[in-house]
Amino acid sequence: MFYWLLKLVVLGPLLRVFFRPKVEGLRNVPRTGPVILACNHLSFSDSIFTPLIMKRKVTFVAKAEYFTGKGIKGWFSRMFFTGAGTIPVDRSGGEAAQAALNTLLRVLREGNIAGIYPEGTRSPDGRLYRGKTGVARLALESGAPVVPVALLNTDEIQPTGTLIPSIKRVRIRIGEPLDFSRYAANRGDRFVERAITDEIMFELMALSGREYVDVYASTLKEAPAGKTPAEVAH
């Protein structure tokens, strides 16, 4: 209820007025049944604009710290993510990634839309980075179609480290659903999971027009300062 109140009455109308979303391919999102939205990740605001433009509720997962902050900032963060339909997941342990996938799998089994960022973290420089295979496991376990969603300019609207977004028209491009049911018998095969993930990332690259880098974004972020993607890859 709080989700729809924010989206349709409180926050959504203001966001639509100020950011005037331009969306291509919204018809590609199935009207019913489980759906996986696989999005590139450029900005904190991606989790705001993606649910905003969808006609159905979209559920993402986020680290639990967003829900446990103190003071006014903590309260605002908690209310925002709760209202946006985001589910907290403890990412401190070794089973964090599996916990996130289990949560999204439950959403899909209930016939709803699960949103996921295959890169696993925000792009450090606007380029598209290698996808992690969790999205493939999610598709194989649920049987749900994967709809690629390319956020085209959210890094210009709210660059990393920026609290207040710039007022600029947000642009989003949505591709056709990808059906991986032909691989249903290959669940657990890491080579199949990699092939599926790479196909999804190729679609995101084509939709977004962003340069693709075959390195995990998280690996680059953890590398010593000054290291290029090519150096990290080797």
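For every chain, the first residue of its written sequence is number 1, and the numbers climb from 1 along that sequence. The predicted nature of this model means local features are confined to residues of pLDDT at least 70 and side-chain atom pairs, given and counted, to a pLDDT of 80 or more, with totals for whole chains, interfaces and linings taken over all residues. Derived side-chain values reflect all non-hydrogen atoms in the structure, with water molecules and hydrogen atoms excluded from consideration.

Moving on to the packing of helix α1 (residues 2–10) against helix α2 (residues 12–19). As a packed pair, α1 and α2 sit with axes 4 Å apart at the nearest point and diverge in direction by 45°. As the angle between them shows, α1 and α2 are arranged oblique. Across the interface between the two elements, Leu6, Lys7, Leu8, Val9 and Val10 of α1 pack against Gly12, Pro13 and Leu14 of α2. Any residue outside Ala, Val, Leu, Ile, Met, Phe, Trp, Tyr, Cys, Pro, Asp, Glu, Lys and Arg is labelled polar, Gly included; the first ten of those are nonpolar and the last four are charged. Looking at side-chain class alone, the contact of α1 with α2 contains six nonpolar, one polar and one charged residues. Every axis in this analysis is a line fitted to C-alpha atoms, fitted for helices over the stretch in contact. Angles between the N-to-C directions lie between 0 and 180 degrees. Numbering of helices and strands runs from the N terminus; a helix is a DSSP stretch of H or I covering at least four residues, while a strand is a stretch of E covering at least two. Roughly parallel means an angle under 35 degrees; roughly antiparallel, over 145; roughly perpendicular, 65 to 115; everything else is oblique. Contacts were defined at the residue level, with two residues in contact if any of their heavy atoms lie within 4.5 Å.

With that settled, consider the sheet that holds strand β9 (residues 171–174). Within a sheet, neighbouring strands are paired by backbone hydrogen bonds and run either parallel or antiparallel to one another. Should DSSP find at least two bridges between two strands, the strands are regarded as paired. Strand order in the open sheet formed by six strands is β1-β9-β8-β2-β6-β3, with mixed pairing between adjacent strands. The sheet is open, and its two borders are formed by β1 (22–24) and β3 (58–59), each paired with just one other strand. Here strand β8 (residues 146–151) runs beside β9; their pairing, made up of three bridges, is antiparallel. When the sheet's bridge partners are listed, Ala150 is paired in β9 with Arg173. Helix α6 (residues 134–142) contacts β2 (35–39), β6 (113–116) and β8 of the sheet and is inclined by roughly 170° relative to β2.

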